[in-house]
Amino acid sequence: MTPSIASPARRTHRTRATAALGGLLTLALTLSACGGDTKENADAAPGDTSSVDTLKLANAVAVDTLDPIQASANESIWLDQNIYARLVQTDPTGTKIVPDLADKWEISEDQLTYTFHLRPGVKFADGTPVTAQDAKWSIERARSGEDSAWGFLITPVTDITATDDQTLTIKLERPHAPLLADLAMYAYAVLPQKAVEADKDFFSKTPYGAGPFKVTSLSPQSNLVLTRNDNYWGPKPKIKTVEVSIVTDDNTRLLQLQGGQVDVIENPAGNVLKQIEANPKLRVDLFDSTRVDFVSLPLKTKPLDNLKVRQAIKAALDLGRMNTLAYQGNAKVATTFFPYQMLFWDESAPEPKQDLAKAKQLLAEAGYPDGFTIPLIAVSADAAGQAQAVVIKDDLAKIGITVDIQSFELSTAYDKQRPGTNGMGMRYWTNDIIDPDEVATFGADGDGGAHAFNSYWKDESVTALVNQARSETDTTKRAEMYAQIQAAIADQAPFIPLAYAPFRYASGTWVKGFKVSPLGNYNDSLLTLTVEEH
Amino acid sequence: MGSSVNLRWSRVANLVPVLFGITLVSFLLLRLVPGDPAQQILGNRYTPEAAAGIRRSLGLDQPLLQQYWLFIKGAMTGSFGESYQYHRPVGELLLDRTGASLMLVGLTAIFCAALSIPLGIWAAVRRGGLVDQATRVLFTLGFALPAFLVGIVLILVFGLKLGWAPIGGYGNGVLSHVGHLVLPALTLAIPFSTVLVRSLRSSTITVLEADFVTVARLKGIPESRILVRHVLRNAIGPVAVVFGINLAFLVGGTVVVENVFSIPGLGSLLVGAVSTRDYPVVQAVALVLAVFVVLVNLLTDVVHGLLDPRLSVGVQR
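On a predicted model such as this, the values are computed, not experimentally measured, just so you know.

Rules of the game
- Residues numbered from 1 in each chain as written.
- Chains lettered and ligands numbered in written order.
- Predicted model: local features only at pLDDT ≥ 70, side-chain atom pairs only at ≥ 80, totals over all residues.
- Helix = DSSP H or I, 4+ residues; strand = E, 2+ residues; numbered from the N terminus.
- Rg over C-alpha atoms; globule rule 2.2 N^0.38 Å.
- Contact = placed C-beta atoms within 7 Å.
- Buried ≥ 20, exposed ≤ 12 C-beta atoms within 10 Å, placed from the backbone.
- pLDDT = per-residue confidence, 0-100.
- Pairing = 2+ DSSP bridges.
- Nonpolar A, V, L, I, M, F, W, Y, C, P; charged D, E, K, R; others polar.
- Axes fitted to C-alpha atoms, helices over the stretch in contact; angles between N-to-C directions.
- Left-handed = near helix turned anticlockwise from the far one by under 90°.
- Core = buried A, V, L, I, M, F, W, Y, C linked by C-beta atoms within 7 Å.
- Domains from an automatic or database assignment.

Caption draft 1: The overall build of chain A, seen in detail. On a plain count of helices and strands, chain A comes out with 17 helices and 19 strands. Computed over the C-alpha atoms, the radius of gyration of chain A is 24 Å, within 12% of the 24 Å expected from 2.2 N^0.38 for a compact globule of 534 residues. Seen through its principal axes, chain A has C-alpha atoms that stretch 70 × 60 × 40 Å. Taking contacts inside chain A between residues at least 6 apart in sequence as the whole, the part at least 24 apart equals 71%.

Caption draft 2: Representation of the overall build of chain B. Helix and strand counts for chain B stand at 13 helices and zero strands. In chain B, which comprises 317 residues, the share counted as buried stands at 38%. Relative to all contacts within chain B whose residues are 6 or more apart in sequence, the contacts with residues 24 or more apart total 71%.

Caption draft 3: Structural view of the confidence of the model for chain A. All names here are of chain A. When the pLDDT values of chain A are averaged, the result is 87; 91% of them are 70 or greater. Mean pLDDT across the secondary structure elements of chain A bottoms out at helix α1 (residues 23–43), with 38, and peaks at helix α8 (residues 307–316), with 97. Scored below 50 in pLDDT, residues 1–42 shows 80 contacts in the model against residues more than four places distant or in partner chains.

Caption draft 4: Structural view of the pairing of strand β12 (residues 282–296) of chain A. All names here are of chain A. Of all 15 residues in β12, 12 are buried; the element is thus mostly enclosed. The pairing of β12 with strand β17 (residues 495–508) spans 12 bridges and is antiparallel. Residue pairing across strands places V292 opposite Y500, the latter belonging to β17. Sheet analysis places β12 next to strand β16 (residues 424–429), joined by five bridges and oriented antiparallel. Counterpart to F294 in the pairing with β16 is R427.

Caption draft 5: Local environment of the interface of chain A and chain B. Contact with chain A, which involves 39 residues of that partner, is made by 42 residues of chain B. Looking at the side of chain A that touches chain B, the elements that each hand over two or more residues are β10 (241–246), α6 (250–258) and α12 (410–417) of chain A. In terms of residue class, the side of chain A that touches chain B is built from 13 nonpolar, 21 polar and five charged.

Caption draft 6: A look at the packing of helix α9 (residues 319–327) of chain A against helix α11 (residues 383–397) of chain A. All names here are of chain A. Where α9 meets α11, the axes come as close as 8 Å, and the angle between the chain directions of the two elements is 145°. Both α9 and α11 take part in a crossing whose hand is right-handed. Contacts between α9 and α11 involve R321, M322, L325, A326 and Y327 from the former and A384, A387, Q388 and V391 from the latter. Here the residues of the contact of α9 with α11 sort into seven nonpolar, one polar and one charged.

Caption draft 7: Looking closely at the nonpolar core. Formed by 236 residues in total, the largest nonpolar core has its most connected members in L101(A), V190(A), V295(A), A312(A), I485(A), A499(A) and V285(B). The residue makeup of this core includes at least three contributed by each of domain 1 (2–76) and domain 2 (96–311) of chain B. Beyond its immediate chain neighbours, meaning those up to four positions away, V285(B) contacts L266(B), L269(B), L270(B) and A273(B).

What follows is the structure, encoded as structure tokens:
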């Protein structure tokens, strides 16, 4: 899930004007919020059958491609999960690996050989059997295909062999703890080799795999129709069709939901959530995500190379207030740079508290008792990021640091942030796999190409820990290592995690059981979800 | 007679440097602004190595001149390369999207004519009357309001409250397309008609005061016939020119309106492509839109010439 392309623009914030309106309004809002909870609890469970057999979903971002190794828009990736099955998959909580096409697998004593056994009789949507050869070809394609963006995840893999139609063996040069999580990722979906090879336009016509749905109509930018795959090995979805439309305008999307033209919309603007909740027929759905917002303090910008300056900045921030302003309190204050809905997130990490006295003292010790002036690069269309930037400016002013917020369109902002010499920067991360290896590598490995989220911070011992943790298959030891890595970043502050922001959806109360996993997927919920007449 | 034809051909020949300029601008514009396609493709997975690999595979590591040459060469043969974002040939994307935009522009033109011709003439004939004043106020208001606001208000009223029109989208099948395009076309036609009504009003007033109209009246030709056969025909020429010139703005307007109404046209394709730095798509769409505008301008001149033969030659026949 490429976060930068995702949809920061949609994460608009709610102004705090309402907060000042006093008791009565607050009470009214609280009541409406309670109303929301009641709606959620009473109505969310799916029915036994779906009286309407179509779910209409309005996404904010166009489907870029349905080729899983090339997809970079989150919206495409979330659809991929419904179309293509993988060897293994993540469970709805996003923290466990469970069987998909392979119903069992063995890992050798030395952790270097994985043997997967395909479910007997499992078929693609066109009725042809899924073979180990299909799996081999698909994984090879994702690993070393010219167009694949995801080969880097499984570099330790040395050999993939289809021993027979049902058995696939993967050999590694060194133990690689995230392997199952990597294979559960959309890019490693098992595709029908013959069909894909036979048609170079396979993915732009009506692609299919062995997932619960198949594409029956595709005009990528406006409309996508998924139809239930009756050859799916698992539970049959209760709905027959999913119609996905692309509605980029926030207002139009909401109006379509209000008019009942669609059933579920992605990313309702943050400032209309209360309005949606106030409508008895609609519901706001907030789901835990793996998104971590952070501000980078690149060491290439003076005086951010000074540890005490970075620590002073961290001590000066009031993350609770930031959450209220940027997310109407709907996010969670970040405690570590790991997403909190993920394996090995350190739940014992303390919540950062604002301490202005300490911040001032650190700044004085660093040799800047009177503060300094520094730019902060923000993304103009990212309303939540803009609000966070304003809070940072306000908080840092209290310790004498003058922040110059410079807003740019997304692509330009990231260009400016990359060299690390242009001051602080508003950024965020989301996970592609449930394993922490990816975020640890990008955020804490100073030798890696990402330069610790472009902060250019480097610590040999932490880099070594990142590499060890990747090869460590003992869960307890691995958790220990990741706790150390999280603590090191918290102490060294090359960047400061700010918030764990939720995924936002809105839906009609006639939709029962729409849910999104922390990785953003809704394929599990589409299996059971029902739609009522409305 | 020959000189008239020659002049038209020379106008066509003039298009060559214009088109060349357009390709240059559409090629350079995005490359001159900051932002890196590799960043867009990689997102948080950005590493210098991965980005270099992507730039290499996209041909972005080659000298600008070389890239430009490839673009021109491709454009000549109708091949615009492959979209970075959609991983499909740009030509296919354009084909998918052109229909919706053309239909939108066409419907808008029809609405414009239907609105501005009667209103413009009426306003001219009853100068200072109710219609004259009302069109002045209402259309100026329509002109001042941004399209995204007008669009949303129209959706709110006619889509959500009254349920007469769909709330955005494009539908399936030609009839359904037209139904979906009524509100967006109206959104575009309202500000556009402002210009046309005012211009038609003033040209009609001029013509109404011409001697031949007085002569026609003296001959006892009915007023309605004078208006349609004599006045409108002479008054519409300048309006056609205004229409042609403003068509560029109309095309610009579709970009906004297509997004508000989620219509899969060239405009919404362009917006997405700019923000994702999808160079081949931006280049191609910009080129297509520019060529469209240039051709319409040419057509305007030709039509204007047909309506008023004196203008088409510039030399005595």
